[in-house]
Amino acid sequence: MTGSRVVALGHYQPAKVLTNHDLAAMVDTSDEWITSRVGIRTRHIGGPDEPVDELAAHAAAKALATAGLQPADIDLVLVATSTAIDRSPSMSARVAARLSMASPAVMDINVVCSGFTHALATADHALRAGAATCALVIGADKMGDIVDWTDRSTCVLMGDGAGAAVVVADPADAERPGIGPVLWGSVPGMGDAVRIEGTPPRFAQEGQSVYRWATTQLPPIARQVCERAGLTPEDLAGVVLHQANLRIIEPVARRIGAVNAVVARDVVDSGNTSAASIPMALSKLVERGEIPSGAPVLLFGFGGNLSYAGQVIRCP
C-alpha cells in the first residue's frame, strides 16, 4: 500500500450574491436577525442555467490548472452532492464529459454535508489500494434549488458553490500520509433531523437538535481524528469544519482545543453550501496563504443523516 496527498484545490461560486438585506425584502427577517443567529451576511445563488455539474466542473478545472495536470491524467472522479436532480448520468460522469476526460471511474457520493470528507476518504482508500493513481474529489451543491424561500428559518442559511481537490498516490507518504486515517459514522436514530424530501425536493431540519448534537457530541470525535493522525489539536495549523452556522463552528472549534489553528469562517460570505463547504473554505484559505504548505489541517464534515467524517491532511 502507498500513501496519498492533496496536491491542489479549486473553488467556484455563481456570480449572483444574495445579501441579508435582499432576503429581508423576501421574508420576515433582517440583517441583525440573521447575523446574530447564524453569522451569515451573504451567499451566492446560481441561476437556472447553472446546473450542479457546471459548478463542479469550474472548481475542478481550477484545481487541475493549479496542479499542472490535464483532465486525461485523472482516473477517478468522485462528486459529493445531494442536489443532483437527475439520477443518470451522474454528476461525476457529467463533470468528466465537460472536461473531456479519457476513461475515469466515476461515482457520486450522497452524504449531504459530510459528503466531501467521505469522498476524500474513499479516494484515499482507492489510491492506497492501487485502484487509481490520480483522483479528482469534488463537493458541489446547489442548495438554492431545494430551499423553501418562504421559510425564514432555513432560506437564510443556504448558498450554492463547489470545491475540488486533486489527490495523487504518493509512495513517499506511506509513513507520514498526506491524508490521515478517516473517522466516520452516523446517528441513524436521528437521521431525519436534516431532510431533503418530496417532489419537488425541499430542505428542512430540526435546527435545535442539530445544534445540540454538533456542539456537544462532535468535539470529542474530532479530537479522536487528530489522535488517529498521531497529532494533538494543538499541532493543527488549520481547522475546516462544515460551514453550517457560525454559532456551531466557533464553539466546536474552541472545544476541539486547536488553539494555534486558523479556523475557516467562510460561512459568513458563502452560507451553508453543504458538500461544497469544506473544499471551498479550504481552497480560499490556501489561495490567501493563510496556512503553510505541508502544515496539518483538520477537515471535519457533519450534518445530513446526522453523519460525520473527518481526517487530517497536509496542506497542499
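Everything that follows concerns the structure shown earlier in this document.
Reference entry: report on the structure contained in this document. (Residues numbered from 1 in each chain as written. Predicted model: local features only at pLDDT ≥ 70, side-chain atom pairs only at ≥ 80, totals over all residues. Heavy atoms only, no water.)

Remark: helix α7 (residues 207-228) packs on helix α8 (residues 246-256), axes separated minimally by 9 Å, with the N-to-C direction vectors making an angle of 30°. Along this stretch, α7 crosses α8, giving a crossing that reads as right-handed. Along its contact with α7, which presents Tyr211, Ala214, Thr215, Thr216, Pro219, Ala222 and Arg223, the element α8 presents Arg247, Ile248, Pro251, Val252, Arg255 and Ile256. A breakdown of the residues in the contact of α7 with α8 according to their chemical character gives eight nonpolar, two polar and three charged. (Axes fitted to C-alpha atoms, helices over the stretch in contact; angles between N-to-C directions. Helix = DSSP H or I, 4+ residues; strand = E, 2+ residues; numbered from the N terminus. Left-handed = near helix turned anticlockwise from the far one by under 90°. Contact = heavy atoms within 4.5 Å. Nonpolar A, V, L, I, M, F, W, Y, C, P; charged D, E, K, R; others polar.)

On to the pairing of strand β4 (residues 76-80), then. Of all five residues making up β4, five are buried, and the element is well covered by its neighbours. Across five bridges, the pairing between β4 and strand β5 (residues 105-109) is parallel. Bridged to Leu76 within β5 is Ala105. Where the polypeptide runs from β4 across helix α4 (residues 91-98) and back to β5, its parallel neighbour, the crossover connection is right-handed. One ladder, built from five bridges, connects β4 with strand β6 (residues 134-142); its direction is parallel. Each bridged residue has a counterpart across the sheet, and for Val77 the counterpart in β6 is Leu136. (Buried < 20%, exposed > 50% of the residue type's maximum accessible area, 1.4 Å probe, protein only. Pairing = 2+ DSSP bridges. Right-handed = clockwise from strand over helix to strand, strands pointing away.)

Here we come to helix α5 (residues 115-128). Counted at 1.5 Å a residue, the expected span for α5 with its 14 residues is 20 Å, and the 20 Å between its end C-alpha atoms agrees. With 12 of 14 residues buried, α5 is to be regarded as a mostly interior element. Taken together, the buried positions of α5 are Gly115, Phe116, Thr117, His118, Ala119, Leu120, Ala121, Ala123, Asp124, Ala126, Leu127 and Arg128. A positive backbone phi angle near 85° is found at Gly130, which sits one or two residues after α5. (Expected span 1.5 Å × (residues − 1).)

If you walk through the whole model with that rule in mind, you get one aromatic pair. When the ring of Phe300 is compared with that of Phe302, the centres are 6.4 Å apart and the planes differ by 40°; the resulting orientation is tilted. What makes Phe302 buried here is its relative accessible area of 1%. The lysine or arginine in question, Arg247, covers the ring of Tyr211, its NZ or CZ lying 5.2 Å from the ring centre. (Phe/Tyr/Trp six-rings, centres within 6.5 Å; stacked < 30°, edge-to-face > 60°. Lys NZ or Arg CZ within 6 Å of the ring centre and 35° of its normal.)

Attention shifts here to the sheet that holds strand β12 (residues 262-263). Within the open sheet, the five strands sit side by side as β8-β14-β13-β11-β12. Their pairing is mixed. Bordering the open sheet on either side are β8 (183-186) and β12, each of which pairs with just one other strand. The sheet contact formed by strand β11 (residues 238-241) and strand β13 (residues 296-303) spans four bridges and is parallel. The residue of β13 that forms the bridge with Gly238 is Val297.

Before going further, it helps to spend a moment on the side chain of Ser90. Along the chain, Ser90 turns up in the loop between β4 and α4. A residue is classified by how much of its surface remains accessible, and Ser90, at 18% relative accessible area, is buried. Here the side chain of Ser90 touches Ser92 through a polar contact of 2.9 Å, side chain to side chain. (Polar contact = N/O pair within 3.5 Å; in protein donor to acceptor, adjacent residues only side chain to side chain.)

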